Amino acid sequence: NTTEIVCDEVSTPKPTPAPTPRPTPAPTWPADPLAHTICVRNSGGYALDFWAPGVVGKTRVLLGAEKCVDMRHLGLTKFQQVRVNVKVIGGKPKTRMVHTVAYYSQGETAKRTCTGTIHNWKC
């Protein structure tokens, strides 16, 4: 009595290859300048207010003065868009949006200087 042992090749599944790593996408930067502080200098012949709706309330800037608002403590999100508006007291037009920035705690100080008269002003 002989026993014959036959071994067939065992079919072992081949390991699944590791997925090809994809490159890390480049960060998307906003089109607006990055800023942590906004400043407005009044070099015109008038008083003015500046503000950023939903971010910073009105700040009065008298002739020859400059006022700045540091936005780092206002709870803004990174790259949140901030629109800076100016109202010339008694001016025509009264109000204009003069600058748009993207909040970034490591950004720059965004500055605008307002010049002219109440009837012909710009920032």
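Right above here is the structure, for reference.
Right, let's walk through the structure included here. (Residues numbered from 1 in each chain as written. Predicted model: local features only at pLDDT ≥ 70, side-chain atom pairs only at ≥ 80, totals over all residues. Heavy atoms only, no water.)

Let's talk about the packing of aromatic side chains
- Scanning the model with the defined rule gives three aromatic pairs in all.
- Seen from the ring of Trp51, Lys58 lies directly overhead, with NZ or CZ sitting 4.9 Å from the centre.
- One Lys or Arg, Arg96, reaches over the ring of Trp121 and ends 4.4 Å from the middle of that ring. (Phe/Tyr/Trp six-rings, centres within 6.5 Å; stacked < 30°, edge-to-face > 60°. Lys NZ or Arg CZ within 6 Å of the ring centre and 35° of its normal.)

Observations regarding the side chain of His99
- As for its placement among the helices and strands, His99 is situated in strand E6 (residues 95–103).
- You can call His99 buried: its relative accessible area is 14%.
- Of note is the side chain of His99, whose polar atom sits 2.8 Å from the side chain of Arg112.
- Sequence-distant contacts of His99, that is, excluding residues within four places in its chain, are made with Pro33, Val82, Arg83, Val84, Ala110 and Arg112. (Helix = DSSP H or I, 4+ residues; strand = E, 2+ residues; numbered from the N terminus. Buried < 20%, exposed > 50% of the residue type's maximum accessible area, 1.4 Å probe, protein only. Polar contact = N/O pair within 3.5 Å; in protein donor to acceptor, adjacent residues only side chain to side chain. Contact = heavy atoms within 4.5 Å.)

Some words on the pairing of strand E1 (residues 34–42)
- Burial analysis of E1 places seven of its nine residues in the buried class, the great majority of the element.
- Both E1 and E6 contribute to a ladder of two bridges, which runs parallel. Paired with Ala35 across the bridge in E6 is Tyr103.
- The pairing of E1 with strand E7 (residues 108–117) spans seven bridges and is classified as parallel. Bridging across to E7, Val40 finds its partner in Arg112.
- Strand direction decides the pairing type here: E1 and strand E4 (residues 66–70), joined by five bridges, are antiparallel. (Pairing = 2+ DSSP bridges.)

Section: the environment of His119
- Structurally, the position occupied by His119 is in the loop between E7 and strand E8 (120–122).
- C-alpha separation for the pair His119 and Gly91, spaced 28 residues apart in sequence, amounts to 5.6 Å.

Re the pattern of salt bridges
- All told, the structure shown has three salt bridges when counted by the stated rule.
- Note that Arg60 is salt-bridged to Asp49, the shortest N-O span being 2.5 Å. Remark: Asp49 occurs in strand E2 (residues 48–52) and Arg60 occurs in strand E3 (residues 56–61); sequence separation between them is eleven residues.
- Among the salt bridges present, the one from Arg72 reaches Asp70, with a minimum N-O distance of 2.9 Å.
- Given a relative accessible area of 39%, Arg72 falls into the partly exposed group.
- For Asp70, a relative accessible area of 32% translates into the label partly exposed. (Salt bridge = Lys/Arg side-chain N within 4 Å of Asp/Glu carboxyl O.)

Topic: the nonpolar core
- In terms of nonpolar packing, the biggest core is built from 23 residues, with Ile38, Phe50, Val82 and Val86 touching the most fellow members.
- Of all the secondary structure elements, the ones that give two or more residues to this core are E1, E2, E3, strand E5 (81–88), E6 and E7.
- The element contributing the most residues to this core is E5, with four residues.
- Residues contacting Val86, with those up to four places away along its chain left out, are Val40, Leu48, Asp49, Phe50, Trp51, Lys94, Thr95, Arg96, Val98, Cys114, Trp121 and Cys123. (Core = buried A, V, L, I, M, F, W, Y, C linked by side-chain atoms within 4.5 Å.)

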